[in-house]
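Listed below, chain by chain, are the residues.
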Amino acid sequence: MSRYIIGLTGGIGSGKSTVAAGFAARGITIVDTDVIARELVAPGSAALAEIIDAFGREHLNPDGSLNRASLRQRVFQDDAARKHLEAILHPRIRGITAERLAAAAGPYAIAVIPLLIESGLGDMVDRVLVVDCPEDTQLARVTARDALDAGTVRRIMAAQVGRAERLRHADDVILNENGPEALARQIEVLDRHYRELAGEV
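Residues numbered from 1 in each chain as written. Predicted model: local features only at pLDDT ≥ 70, side-chain atom pairs only at ≥ 80, totals over all residues. Heavy atoms only, no water.

A. Inspection of the packing of helix H2 (residues 33-40) against helix H5 (residues 79-103) at higher detail. Packing of H2 against H5 brings their axes to within 10 Å, and their N-to-C directions diverge by 120°. On the basis of their axis angle, the class for H2 and H5 is oblique. Handedness of the crossing formed by H2 with H5: right-handed. Packed against H2, whose contacting residues are Thr33, Ile36, Ala37, Glu39 and Leu40, the element H5 presents Leu89, Arg92, Ile93, Ile96, Thr97 and Arg100 at the interface. Class assignment for the residues of the contact of H2 with H5 results in six nonpolar, two polar and three charged. (Axes fitted to C-alpha atoms, helices over the stretch in contact; angles between N-to-C directions. Helix = DSSP H or I, 4+ residues; strand = E, 2+ residues; numbered from the N terminus. Parallel < 35°, antiparallel > 145°, perpendicular 65-115°, else oblique. Left-handed = near helix turned anticlockwise from the far one by under 90°. Contact = heavy atoms within 4.5 Å. Nonpolar A, V, L, I, M, F, W, Y, C, P; charged D, E, K, R; others polar.)

Right, dumping it as structure tokens:
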């Protein structure tokens, strides 16, 4: 079991998955709450049934899977809907995250939690790593990656804590705007640092 847990967070489009992959390549266990969320809404799951009861069958794809883009557009136009969705998913996500972190091997583990600060999951981690980039970069990346319009992306960003507030909670920051080599160097330095910290626990 890893006794030292790093909470990795950042705004949409900041590059959290890329950074997590860099740590995974160094043998670190990654527990990604977005991956868990997707598993929870698999066809036939209790969470998916509850979501469809709450938001309607129009958010299902023809194959019975959740149309995540459609649901995302709905909930980020309506704060009450977003909070309802979070109430369905967050307790389940927290439970599975805790189980997987408890089973993680290695000197430390990383929990990728996009809404770490907003969701109250900070008590699950020993240290907060923020992946940061300018908001214009986030917007450009997400509109290109997810085929979402700029207005929807801005609403998603507005529903997350602001960049300054996120950085205020950070113990460590990775700046992700200068290319893969710069990113890899930052990951290498922090991996050494986290191994040292974990050894002191």
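B. Layout of H2. All of the buried residues along H2 are Thr33, Ile36, Ala37 and Leu40. Within H2, the buried residues cover an arc of 100° as seen down the axis, which keeps them to one side. Each element contacted by the buried residues of H2 is listed here: strand S2 (29-32), helix H3 (46-55), H5 and strand S3 (109-112). Looking at where H2 begins, the residue whose side-chain oxygen comes 2.8 Å from the main-chain nitrogen of Asp34 is Asp32. (Buried < 20%, exposed > 50% of the residue type's maximum accessible area, 1.4 Å probe, protein only. Arc of directions from axis to C-beta. Polar contact = N/O pair within 3.5 Å; in protein donor to acceptor, adjacent residues only side chain to side chain.)

C. Structural context of the pattern of salt bridges. Counted by the stated rule, this structure contains eleven salt bridges. Put simply, Asp79 and Arg82 hold a salt bridge, and the shortest N to O gap is 3.3 Å. Taken as a pair, Asp79 and Arg82 lie in helix H5 at a separation of three residues, close to a single helical turn. You can call Arg82 buried: its relative accessible area is 13%. A salt bridge links Arg94 to Asp123; the nearest nitrogen and oxygen atoms lie 2.6 Å apart. Taken as a pair, Arg94 in helix H5 and Asp123 in the loop between helix H6 (116-119) and strand S4 (127-132) lie far apart in primary sequence, 29 residues in all. On the basis of relative accessibility, which here comes to 31%, the residue Arg94 falls in the partly exposed class. Salt bridges sharing common partners tie together Arg26, Asp191 and Arg195. (Salt bridge = Lys/Arg side-chain N within 4 Å of Asp/Glu carboxyl O.)

D. Inspection of the nonpolar core at higher detail. Grouped together as the largest cluster of nonpolar side chains are 32 residues, with contacts concentrated most on Ile51, Phe55, Leu66, Leu71, Leu85, Leu89 and Leu101. Elements that contribute at least two residues to this core include exactly H2, H3, helix H4 (68-75), H5, S3 and S4. Here this core takes six residues from H5, the largest share from any one element. Setting aside anything within four residues of it in sequence, one finds Phe55 in contact with Leu71, Arg74, Val75, Ala81, His84, Leu85 and Ile88. (Core = buried A, V, L, I, M, F, W, Y, C linked by side-chain atoms within 4.5 Å.)

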